[in-house]
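# Understanding the architecture of this molecule
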Amino acid sequence: MGVAAGHPGVGRVLVVIPTYNEADNVRRIVARVRAAAPAVDVLVADDGSPDGTGGIADAVSRVDPQVHVLHRRSKDGLGAAYLAGFAWARERGYDAVVEMDADGSHAPEDLPALLHAARDADVVIGSRWTPGARVLNWPWRRLLLSRVGNLYARVALGMPVSDATGGYRVYRSTALDAIDLDSVRSQGYAFQVELSRLAHRAGVRIVEVPITFAEREHGDSKMSPLIVAEALWRVTRWGVRDRRAAVRGRPRALARWP
Ligand SMILES: Nc1nc2c(ncn2[C@@H]2O[C@H](COP(=O)(O)OP(=O)(O)OP(=O)(O)O)[C@@H](O)[C@H]2O)c(=O)[nH]1
Ligand SMILES: [Mg+2]
């Protein structure tokens, strides 16, 4: 296995790229990551893509010892692919993992800025909704969905995070150790919100860094009404649960007062 030198102040970094039918993107995204951040390793987590994405990733991995491939049998959702990638990284002693889409929406050229921020944080979120960020070529319906979804998540969960659904992130091992990953059940956008919530509740340092986010140019989106519905349902449930817990906890907390 290729051993990257690591990133100063962060350590050994693994970029996990989940893929399902990204044959037109996988080679390009891996090359961009390797050029933008030569000290990091890459793991493509492919769910048996019928279009041959896994085979293309294998071919890249054969000529670049810093590129690895995790083959999973069938499409099992983004969340499950990331959890498998995180486990792979932890088994091999990586100090940080990065989440990045394969479709080019998350520019590898922004990665050095995210890793730089990770020197003083446990979680870094590449944000589309902080000053300095840009969102290119997104139809207004997607913009609206992201803005409203993030507003809802922020209010329902009381999290000071502007892009809780964003999937371009750095998790240092300090954060992964603090979060109970075995409890995570979410699949789509909800996975990103759930990890934000668990990190926030664990009290780890979360910072957001503005990114330039671009609409995918090749291949098909896996976004579906089901994924949106899952996020809405789970966020609402977490919000209700948190409020109930706060109400239940209040008399006990008051009782401790002199
Ligand atoms: N391994 C794996 N990867 C997945 C799965 N679903 C989506 N992905 C990958 O996760 C990343 C994000 O998926 P996208 O289809 O781009 O979803 P999105 O970014 O929410 O939607 P768009 O903005 O429309 O592209 C891409 O790299 C996909 O190939 C899955 O079930 N398994
Ligand atoms: Mg995408």
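Structural notes, computed from the coordinates.

Reading the values: rules and limits
- Residues numbered from 1 in each chain as written.
- Chains lettered and ligands numbered in written order.
- Predicted model: local features only at pLDDT ≥ 70, side-chain atom pairs only at ≥ 80, totals over all residues.
- Heavy atoms only, no water.
- Helix = DSSP H or I, 4+ residues; strand = E, 2+ residues; numbered from the N terminus.
- Salt bridge = Lys/Arg side-chain N within 4 Å of Asp/Glu carboxyl O.
- Buried < 20%, exposed > 50% of the residue type's maximum accessible area, 1.4 Å probe, protein only.
- Near = heavy atom within 4 Å.
- Polar contact = N/O pair within 3.5 Å; in protein donor to acceptor, adjacent residues only side chain to side chain.
- Areas by Shrake-Rupley, 256 points an atom, 1.4 Å probe, with all protein chains shown as cover.
- Nonpolar A, V, L, I, M, F, W, Y, C, P; charged D, E, K, R; others polar.
- Core = buried A, V, L, I, M, F, W, Y, C linked by side-chain atoms within 4.5 Å.
- Contact = heavy atoms within 4.5 Å.
- Expected span 1.5 Å × (residues − 1).
- Pairing = 2+ DSSP bridges.
- Axes fitted to C-alpha atoms, helices over the stretch in contact; angles between N-to-C directions.
- Parallel < 35°, antiparallel > 145°, perpendicular 65-115°, else oblique.

### Concerning unusual backbone geometry
In this structure, Asn21 is a non-glycine residue whose phi angle is positive, near 55 degrees. By the element assignment, Asn21 lies in the loop between strand S1 (13-19) and helix H1 (26-36). Even without glycine at this site, Asn137 takes up a positive phi of about 65 degrees.

### Some thoughts on the pattern of salt bridges
By the definition in use, this model includes 14 salt bridges. Between Lys222 and Glu22 there is a salt bridge; the shortest N-O distance is 3.0 Å. Of the two residues, Lys222 sits in the loop between strand S9 (212-214) and helix H8 (225-255) while Glu22 sits in the loop between S1 and H1, which places them 200 residues apart along the sequence. Look at Lys222 and you get partly exposed, because its relative accessible area is 27%.

### Brief notes about the site of ligand 1
For ligand 1, the set of nearby residues contains 20 residues, the closest of which are Glu22, Lys75, Asp103, Ser221 and Lys222. Gly77 is positioned with one of its backbone polar atoms (N or O) 2.9 Å from an oxygen atom of ligand 1. Within the side chain of Tyr189, an N or O atom sits 3.2 Å from an oxygen atom of ligand 1. For ligand 1, the protein covers 94% of the area, taking 630 Å² as the surface of the free molecule. Those elements that provide at least two residues to the shell around ligand 1 are S1 and helix H3 (78-91). Looking at the shell around ligand 1 residue by residue, the classes come out as 8 nonpolar, 3 polar and 9 charged.

### Let's talk about the nonpolar core
Core analysis: the biggest nonpolar cluster contains 34 residues, and Leu14, Phe86, Val97, Val123, Leu157, Tyr171 and Val193 have the highest contact counts within it. Where this core is concerned, the elements lending two or more residues are S1, strand S2 (41-46), H3, strand S5 (123-127), helix H5 (140-157), helix H6 (173-178), helix H7 (189-202) and H8. When residues no more than four places from it in sequence are discounted, the contact partners of Phe86 are Val97, Glu99, Tyr171, Leu176, Leu181, Phe191 and Leu195. Val10, Val26, Ala96 and Val170 belong to the second-largest nonpolar core, a separate cluster that totals 33 residues.

### Digging into H3
Residues spaced three or four apart along an α-helix face the same direction, because each turn holds 3.6 residues. Over its 14 residues, H3 extends 20 Å from the first C-alpha to the last, a length consistent with the 20 Å expected when each residue adds 1.5 Å. Once H3 ends, the next one or two residues include Gly93, with phi positive near 75 degrees.

### Some words on the sheet that holds S1
If you walk across this open sheet you meet the 7 strands as S3-S2-S1-S4-S7-S5-S8, and the pairing is mixed. In this open sheet, the two strands that pair with only one neighbour each are strand S3 (67-71) and strand S8 (206-210). If you compare each strand with its neighbour and ignore which way they point, the axes differ by 20 degrees on average. Where S2 lies against S3, 5 bridges are found, and the strand directions are parallel. When the sheet's bridge partners are listed, Asp46 is paired in S3 with His71. Lying over the sheet, H3 contacts S1, S2, S3, strand S4 (96-99) and strand S7 (169-172), oriented at roughly 155 degrees with respect to S1.

### Considerations on the pairing of S5
Of all 5 residues making up S5, 5 are buried, and the element is well covered by its neighbours. Judged by which residues are buried, S5 turns out to be covered on both faces: Val123, Ile125 and Ser127 on one side and Val124 and Gly126 on the other are all buried.

### A short note on the packing of H3 against H7
Interhelical geometry of H3 versus H7 gives an angle of 50 degrees and a closest axis separation of 8 Å. Relative to H7, the element H3 is oriented oblique. For the pair H3 and H7, the contacting residues are Leu78, Gly79, Tyr82, Leu83 and Phe86 in the first and Phe191, Gln192 and Leu195 in the second.

Geometric descriptors of this kind do not, in isolation, establish any biological role.
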